[in-house]
Amino acid sequence: MGREVEPANGAGGDGHAPEDGGRVPGDRRHAGDLLHRLEDLEEDISQVLHRVSRLRWVKVPRPTRLHDFVYDRRGILACALAGLVAYLLTYEQPEEVRRVMAIFVFTAGCWLLEVFPVAITGLMVPVLLALSGTFEVEAAFAPFAHPVIFLFIGGLVLGESMRSHGLDRRIAYTMLVWSRGNINRLVLLVMTGVAVLSMWMSNTVAIAVLLPVVLSILGTLPESLVHVRKKILIGITIATTLGGMMMLTGSTPNLIAAAALEVEQPFGFARWAYYGLPAGMLCLAVTYVVLSRRYPSPDLTLDMREVEEQRDEAGPMNASQRGVVYVFGATIFLWFFGGQVEAWLGLPPSISSAALVSILAVLVMFGLGLLEMRDVRNVRWEIIFLLGGGLALGNAMLQSGTAGWIGTAIAGAESYVPAPVIVLLFIGLTLVFTNFISNTATAAVLVPIAIETAGELGMDPTVLVMAVGLSASIAFITPVGTPSTAMIYSTGLLPRRFLITNGVIMAVVCTFIIMVLVWFLPIP
């Protein structure tokens, strides 16, 4: 290869001239072209082999196996065994009740032991309902299209719009500057600010916004004022969860409770605020007083110059920030008074739906250029899986009669204890569950049982359901109940004993306040 070989004497390979002598030059040219092409091909192959020899092979991991996805292999075995035992023990009940009871026990166990991520457990609920034959596929996944889901999606996106435009930091800086360096005033304003933010956006987002600013302030405190640092941190820990109970969009347990009560009659923002706002405000005020008494602040003025400089650097609100404020304000107005506006304008049923108003506000923000797709991508969509799974589990327990069977058993205790004690029992169960598993999972488990128990007792379900829904927000005894508490605990500035001690004290106080409100407030 690489040179031409010509036949001798200009003839063919046997020394004789070809029969068609006129074709010899053409054949030679054709053979030469082939040889040149072979040479080029040889060079190409050499280059490819050289490149392959320089490749760095990367080892591709095997697909994740089941035990890599499961947090605790023993936990899933225990949950499956508990579900089987529940199925066997309910042999006297209809088959549908037995299957839902098994799914209920298995799911509650997965949430309690964190066998799977809580959101994945929520997504597993409709799958189990369909595979067990309890529900058709469409019915099993129907709760994921519940209006409450879209209300929560709208609330998450609106909260993200505030964060992306810097309104959350502006609110935080304003609160800190208003304190004028007074420690007691600073504690009160920071607790109030984080509670207000938590009313309208995720508790986790509210803490993520305010915590860095608070930590920078705490860094200026002398080392001798350790108890002041702890007081501020425990204050915002409690205030975050209390703010979440005040408004319907503040926390997912609120939405689960409202969705369950809406089956009988409309239960929107105004009705939730009727209970949640006074409960949250009273608990917040008592928390501030108790912390001030337990940990008195020294007569000291903090240096707020750095915070003032950061606020001044932000300057006045720009056009986009004002636009977000206007849309957000209109949304809140329609959440509360959409029904009245609808009747006044003679509109068909539309803006009286909080879910429709939430999605409409998102569309308006996109139309005005106040939102981008990256803002939507930043939303914690896994919460939707958890919320949808909670609604699906509650729906299954109600429709199958499982919740009614459990409620009948609990209501049987009325002959031994008065009804207020049963209400207190539900609050206590909620308080224990919400501090050791997700508060959303707690509401998903207990709300259906509360509804059926109320029916057996002959009382309005609003009392028991609101007791569970509000108590689910008292998740500040351990870092497990809510991500916001875990974020604050992860700073290392809040000792576990300090968190548990103050959390238990305030949980007892808040439990008493919730009990009094739900029992004595007239049902609207």
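Only a predicted model underlies this, so the values are computations on that prediction, with no experimental measurement involved.

**Quick notes on the overall build of the protein chain**
And then number 1: A count of helices and strands for the protein chain gives 24 helices and 0 strands.
And then number 2: The buried share of the protein chain, reckoned over its 524 residues, is 48%.
And then number 3: Relative to all contacts within the protein chain whose residues are 6 or more apart in sequence, the contacts with residues 24 or more apart total 77%.
And then number 4: As displayed, the protein chain offers around 25900 Å² of accessible surface, 63% of which is attributable to carbon and sulfur atoms.

**Side note on the layout of surface pockets**
And then number 1: If you add up the space inside the second largest pocket, you get close to 430 Å³.
And then number 2: Forming the walls of the second largest pocket are 24 residues, and the residues nearest its centre are Glu-262, Pro-266, Phe-267, Gly-268 and Ser-352.
And then number 3: When residues of the lining of the second largest pocket are traced back to their parent elements, those giving at least two are helix H7 (147–164), helix H13 (269–294), helix H15 (319–345) and helix H16 (354–367).
And then number 4: No other element matches the 6 residues that H15 contributes to the lining of the second largest pocket.
And then number 5: For the lining of the second largest pocket, a count of residues per class yields 16 nonpolar, 6 polar and 2 charged.

**Notes on the state of the cysteines**
And then number 1: Scanning all chains against the criterion turns up 0 disulfides.
And then number 2: Cysteine Cys-79 remains unbridged, with the sulfur of Cys-110 as its closest cysteine sulfur at 4.1 Å.
And then number 3: In this structure Cys-283 is not part of a disulfide, and its nearest cysteine sulfur, from Cys-510, lies 3.5 Å away.
And then number 4: Judged by its relative accessible area of 0%, Cys-283 is buried.

**Examining the environment of Thr-501**
And then number 1: With respect to the helices, strands and loops of the structure, Thr-501 is situated in helix H24 (residues 496–520).
And then number 2: Overall, the relative accessible area of 36% leaves Thr-501 in the partly exposed class.
And then number 3: Linking Thr-501 and Ile-477, residues 24 residues apart in sequence, is a C-alpha distance of 7.8 Å.

**With respect to the side chain of Thr-511**
And then number 1: Note that Thr-511 resides in helix H24.
And then number 2: When sequence neighbours within four positions are dropped, the list of residues in contact with Thr-511 reads Leu-424, Ile-427, Leu-431 and Ile-474.

**Topic: the confidence of the model for the protein chain**
One rule of thumb: low pLDDT means the predicted coordinates there are not for detailed reading.
And then number 1: Looking at the protein chain as a whole, the pLDDT averages 78, with 82% of positions reaching at least 70.
And then number 2: Across the protein chain, element-level confidence peaks in helix H22 (residues 461–471) with a mean pLDDT of 92 and bottoms out in helix H2 (residues 66–69) with 44.
And then number 3: Counting interchain partners and residues more than four positions distant, the pLDDT-below-50 stretch residues 1–24 has 14 contacts.
And then number 4: Long-range and interchain partners of residues 51–69, a stretch whose pLDDT sits below 50, account for 5 contacts in this model, where long-range means more than four residues apart.

**Overview of the side chain of Arg-98**
And then number 1: Locating Arg-98 in the fold gives a position in helix H4 (residues 95–113).
And then number 2: For Arg-98, a relative accessible area of 13% gives the class buried.
And then number 3: Contacts of Arg-98, omitting those with residues within four sequence positions, involve Tyr-87, Leu-88, Thr-90, Tyr-91 and Gln-93.

**Some remarks on a negative patch on the surface**
And then number 1: On the surface, a cluster of negative charge is contributed by Glu-306, Glu-308, Glu-309 and Glu-313.
And then number 2: The topology assignment puts Glu-309 in helix H14 (residues 305–314).

**Brief notes about the nonpolar core**
And then number 1: Counting 142 residues, the largest nonpolar core has Trp-335, Val-447 and Leu-470 as the members making the most contacts within it.
And then number 2: Ranked by the residues each element gives to this core, the list is headed by helix H21 (residues 439–457), at 11 residues.
And then number 3: Dropping the residues within four chain positions of it, Leu-470 is found in contact with Met-245, Trp-272, Tyr-275, Gly-276, Ala-279, Ile-514 and Val-518.

**Considerations on the packing of helix H11 (residues 226–246) against H13**
And then number 1: One way to put it is that H11 packs onto H13 with a least axis distance of 8 Å and a crossing angle of 170 degrees. With respect to H13, the axis of H11 lies roughly antiparallel. Residue-level inspection shows Lys-231, Ile-234, Gly-235, Ile-238, Ala-239, Leu-242, Met-245 and Met-246 of H11 in contact with H13, the latter providing Trp-272, Ala-273, Gly-276, Leu-277, Ala-279, Gly-280, Met-281, Cys-283, Leu-284, Thr-287 and Leu-291.
And then number 2: Of the residues assigned to the contact of H11 with H13, the class counts are 14 nonpolar, 4 polar and 1 charged.

**Things to note about a nonpolar patch on the surface**
And then number 1: Together, Leu-81, Leu-84, Val-85, Leu-88 and Leu-89 make up an exposed nonpolar region whose accessible area comes to about 480 Å².
And then number 2: As for its placement among the helices and strands, Leu-88 is situated in helix H3 (residues 73–89).
And then number 3: Assessed through its relative accessible area of 48%, Leu-88 is described here as partly exposed.

**Notes on the pattern of salt bridges**
And then number 1: Applying the stated criterion across every chain yields a total of 3 salt bridges.
And then number 2: Close ionic contact of Arg-98 with Glu-95 constitutes a salt bridge, the shortest N to O distance being 3.7 Å. Residue Arg-98 and its partner Glu-95 are located together in helix H4, separated by 3 residues, close to a single helical turn.
And then number 3: Exposure remark for Glu-95: the relative accessible area of 33% places this residue in the partly exposed category.
And then number 4: Each of the salt bridges in this network shares a partner with another, and the network as a whole consists of Glu-95, Arg-98 and Arg-99.

**Remarks on H15**
Every α-helix carries 3.6 residues per turn, so stepping three or four residues along brings you back to the same face.
And then number 1: A rise of 1.5 Å per residue sets the reference length of H15, with its 27 residues, at 39 Å; its end C-alpha atoms lie only 30 Å apart and thus fall more than 12% short of the reference.
And then number 2: The largest bend in H15 amounts to roughly 80 degrees and is located at Phe-337.
And then number 3: Those residues of H15 that sit buried are Gln-321, Gly-323, Val-324, Val-327, Phe-328, Thr-331, Ile-332, Trp-335, Gly-338, Val-341 and Glu-342.
And then number 4: Along its buried surface, H15 packs onto H7, helix H8 (167–178), helix H9 (183–200), H13 and H16.

Conventions used here
Residues numbered from 1 in each chain as written. Predicted model: local features only at pLDDT ≥ 70, side-chain atom pairs only at ≥ 80, totals over all residues. Heavy atoms only, no water. Helix = DSSP H or I, 4+ residues; strand = E, 2+ residues; numbered from the N terminus. Buried < 20%, exposed > 50% of the residue type's maximum accessible area, 1.4 Å probe, protein only. Contact = heavy atoms within 4.5 Å. Areas by Shrake-Rupley, 256 points an atom, 1.4 Å probe, with all protein chains shown as cover. 1 Å grid on protein atoms, 1.4 Å probe; cavity = no way out; pocket = protein on both sides within 12 Å on 5 of 7 lines; lining within 4 Å. Points joined across faces, edges and corners; volume = space filled by probe spheres on them. Nonpolar A, V, L, I, M, F, W, Y, C, P; charged D, E, K, R; others polar. Disulfide = S-S within 2.5 Å. pLDDT = per-residue confidence, 0-100. Patch = residues over 30% accessible without salt bridge, like charges linked within 9 Å, V, L, I, M, F, W, Y side chains within 5 Å. Salt bridge = Lys/Arg side-chain N within 4 Å of Asp/Glu carboxyl O. Lys, Arg positive; Asp, Glu negative; His and termini not counted. Charge placed at Lys NZ, Arg CZ, Asp CG, Glu CD. Core = buried A, V, L, I, M, F, W, Y, C linked by side-chain atoms within 4.5 Å. Axes fitted to C-alpha atoms, helices over the stretch in contact; angles between N-to-C directions. Parallel < 35°, antiparallel > 145°, perpendicular 65-115°, else oblique. Expected span 1.5 Å × (residues − 1). Bend = angle between axes of the 7 residues up to and from the residue.

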